[in-house]
Amino acid sequence: MDTDLWGLALIVLGGFLGGGAYAMWRVNKPIAVALAGCTVLAVASGALRLGYF
């Protein structure tokens, strides 16, 4: 895949992970925090791959 497509896929994955963290917050806070951490990593790596930083 092209580099831009990988970056976009990582940012979309971060969106799904963020939604999961939001939905999980009332049920299980430690898992929600772990998902939020994965969200930050996915969005950051997608932004870095796209060359924003």
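Please read all numbers here as calculations on a predicted model, not as lab measurements.

1. Quick word on the UniProt feature "transmembrane region" (unreviewed entry) in the chain
UniProt records the feature "transmembrane region" (unreviewed entry) at residues 6–25 and 32–52, using the numbering of this structure. Structurally, residues 6–25 is divided into 95% helix and 0% strand, and its ends, taken at the C-alpha atoms, are 28 Å apart. Within the segment residues 32–52, helix and strand shares are 90% and 0% respectively, and the terminal C-alpha atoms sit 27 Å apart.

2. Some remarks on the environment of I11
As for its placement among the helices and strands, I11 is situated in helix α1 (residues 3–24). On the basis of relative accessibility, which here comes to 30%, the residue I11 falls in the partly exposed class. Through-space distance from the C-alpha of I11 to that of V43 is 4.8 Å; in sequence the pair is 32 residues apart. When sequence neighbours within four positions are dropped, the list of residues in contact with I11 reads A42, V43, G46, A47 and L50.

Calculation rules
Residues numbered from 1 in each chain as written. Predicted model: local features only at pLDDT ≥ 70, side-chain atom pairs only at ≥ 80, totals over all residues. Heavy atoms only, no water. UniProt positions renumbered as here; feature names shortened; annotations may be inferred. Helix = DSSP H or I, 4+ residues; strand = E, 2+ residues; numbered from the N terminus. Buried < 20%, exposed > 50% of the residue type's maximum accessible area, 1.4 Å probe, protein only. Contact = heavy atoms within 4.5 Å.

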